[in-house]
Amino acid sequence: MEIEELRRLKGVRKVVMLTAYDCQMAKILDAAGVDILLVGDSLGMVVLGYGNTREVTMADMVRHTEAVARGTESAVVVSDMPINSYNAVGDALENARRLIDAGADAVKLEGNKPEVVRALVSSGIPVMGHVGLLPQTAERFRVRGKRRSEAERIYADALELDGLGVFSIVLECVPMGLAKRITGAVGSLTIGIGAGVHCDGQVLVVNDMLGMEEGFKPKHVKRYAHLSETIKGAVLKFMEDVRSGRFPDDRHSFH
Ligand code: KIV
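These numbers were taken from a predicted model, which means no experiment stands behind them. (Residues numbered from 1 in each chain as written. Predicted model: local features only at pLDDT ≥ 70, side-chain atom pairs only at ≥ 80, totals over all residues. Heavy atoms only, no water.)

Undergrad: Can you tell me about the site of the ligand, naming the residues and giving the values?
TA: Contacts to the ligand come from Thr19, Leu38, Gly40, Asp41, Ser42, Asp80, Lys108, His130, Val170, Ile193 and Val205. The side chain of aspartate 41 places a nitrogen or oxygen atom 3.1 Å from an oxygen atom of the ligand. Class assignment of the residues belonging to the shell around the ligand gives a composition of four nonpolar, four polar and three charged. (Near = heavy atom within 4 Å. Polar contact = N/O pair within 3.5 Å; in protein donor to acceptor, adjacent residues only side chain to side chain. Nonpolar A, V, L, I, M, F, W, Y, C, P; charged D, E, K, R; others polar.)

Dropping the structure here:
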């Protein structure tokens with residue numbers, strides 16, 4: 001799908017975005033018809049085993065964007081710009097181009113950096129904004145915008161990003177009333193995570209919705225599968241078969 005086609009979905013139907021970090025998962029999600037695959041810097045926690053997203057580098061993002069792009073035919077691929085890759089306009093342009101060259105259709109960056117967003121958009125790089133909880137800089141993971149002053153700041157940031165020409169804005173962990181107000185006020189697509197039902201679309205970290213990590217379940221995550229249990233069950237059967245000599249049997253051996 002083209003980004004312009006995606007934009008036209010506002011008010012027509014909900015947009016579905018999921019994170020993807022590798023080629024196999026991208027193929028599955030793309031074939032299922034997911035609209036946007038986000039190579040999120042949640043990569044740091046989900047795939048690379050760090051405690052936060054701050055360890056993720058441009059090299060990590062380029063490598064995983066290439067992998068996701070190889071598995072994608074129709075979905076729009078959006079890549080997160082990692083922390084410190086867009087502090088200055090020149091760096092932002094160079095790093096965003098690296099992600100586009102790696103196969104991304106657009107880049108996402110956290111917070112409101114008007115001069116950076118303006119430069120990216122005017123050089124033809126589609127940008128997804130991200131307001132509310134900003135994991136790259138957050139000290140604590142909590143809902144943002146419950147206090148009126150904080151809500152007004154988030155609202156103003158979303159409107160400014162919209163005016164700068166982003167095609168979409170992620171609203172992370174904000175009250176649903178605020179998400180509804182923003183969604184009604186902007187022309188870009190709002191994609192919510194922990195932001196209620198009124199957004200133009202929804203995103204979840206794919207490993208969370210598939211139940212890959214038992215101990216981790218924030219309020220906004222709904223589990224659609226319990227893959228850690230499924231995988232463990234399969235591995236236990238394999239172990240049993242190997243240890244008892246049932247595998248490999250004749251059917252799985254060469255003569
Ligand atoms: O990195 C990520 O996965 C994200 C989503 C949570 C929106 O930014």
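Undergrad: Talk me through the side chain of aspartate 200; I want residue IDs and the actual numbers.
TA: For aspartate 200, the position within the fold is in the loop between strand S7 (189–193) and strand S8 (201–204). A residue is classified by how much of its surface remains accessible, and aspartate 200, at 9% relative accessible area, is buried. Ignoring sequence-local partners within four residues, the contact set of aspartate 200 consists of Lys10, Gly11, Arg13, Lys14, Val15, Thr183, Ser188, Leu189 and Thr190. (Helix = DSSP H or I, 4+ residues; strand = E, 2+ residues; numbered from the N terminus. Buried < 20%, exposed > 50% of the residue type's maximum accessible area, 1.4 Å probe, protein only. Contact = heavy atoms within 4.5 Å.)

Undergrad: Can you break down the environment of glutamate 115 residue by residue, with the values?
TA: Residue placement: glutamate 115 occurs in helix H6 (residues 114–122). Taking the relative accessible area as the measure of exposure, glutamate 115 reaches 42% and is therefore partly exposed. Residues glutamate 115 and threonine 57, spaced 58 residues apart in sequence, show a C-alpha to C-alpha distance of 22 Å.

Undergrad: So what's going on with the environment of aspartate 35? Which residues, and what values?
TA: Relative to the assigned elements, aspartate 35 resides in the loop between helix H2 (23–32) and strand S2 (36–39). Classification of aspartate 35 as buried rests on a relative accessible area of 3%. Taking the C-alpha atoms as reference points, aspartate 35 and histidine 130, separated by 95 residues in sequence, lie 18 Å from one another. Leave out the neighbours within four places in its chain, and aspartate 35 touches Met1, Leu6, Arg13, Lys14, Val15, Val16, Ala75 and Val76. A distance of 2.8 Å separates a polar atom in the side chain of aspartate 35 from the backbone nitrogen of valine 16.

Undergrad: An account of the pattern of salt bridges is requested, with residue identities and associated values reported.
TA: Per the stated rule, a full pass over the model turns up ten salt bridges. The salt bridge involving aspartate 200 is made with lysine 10; its shortest N-O contact spans 2.6 Å. A residue pair is termed long-range when its members are at least 10 positions apart, and aspartate 200 in the loop between S7 and S8 and lysine 10 in the loop between helix H1 (3–7) and strand S1 (15–19) qualify at 190 residues. In this structure lysine 10 comes out as partly exposed when scored by relative accessible area, which is 23%. Between glutamate 214 and lysine 232 there is a salt bridge, with the nearest N and O atoms lying 3.2 Å from each other. With a gap of 18 residues between them, glutamate 214 in the loop between helix H9 (206–209) and helix H10 (227–244) and lysine 232 in helix H10 connect regions that are remote in the sequence. You can call glutamate 214 partly exposed: its relative accessible area is 48%. Members of the salt-bridge network, linked through shared partners, are Glu214, Glu229 and Lys232. (Salt bridge = Lys/Arg side-chain N within 4 Å of Asp/Glu carboxyl O.)

Undergrad: Any chance you could break down the sheet that holds S7 for me, citing the residues and the numbers?
TA: Read around the barrel, eight strands follow the order S1-S2-S3-S4-S5-S6-S7-S8 and close on themselves; strand pairing throughout is parallel. Between one strand axis and the next, the sheet turns by 25° as a mean value, whatever way the strands run. Pairing of strand S4 (residues 106–108) with strand S5 (residues 127–132) involves two bridges; the strand directions are parallel. If you follow lysine 108 over to S5, its bridge partner there is methionine 128. Against the sheet, helix H7 (residues 148–164) engages S5 and strand S6 (168–172), with an angle of about 175° to S5. (Pairing = 2+ DSSP bridges. Axes fitted to C-alpha atoms, helices over the stretch in contact; angles between N-to-C directions.)

Undergrad: Which residues make up the packing of helix H5 (residues 89–101) against H6, and what are the values?
TA: Where H5 contacts H6, the axes come no closer than 9 Å and their chain directions differ by 45°. With respect to H6, the axis of H5 lies oblique. In this structure, the crossing between H5 and H6 has a hand that is right-handed. From H5, Val89, Ala92, Leu93 and Ala96 reach across to H6, where they touch Glu115, Val116, Ala119 and Leu120. Here the residues of the contact of H5 with H6 are counted per class, giving seven nonpolar, no polar and one charged. (Parallel < 35°, antiparallel > 145°, perpendicular 65-115°, else oblique. Left-handed = near helix turned anticlockwise from the far one by under 90°.)

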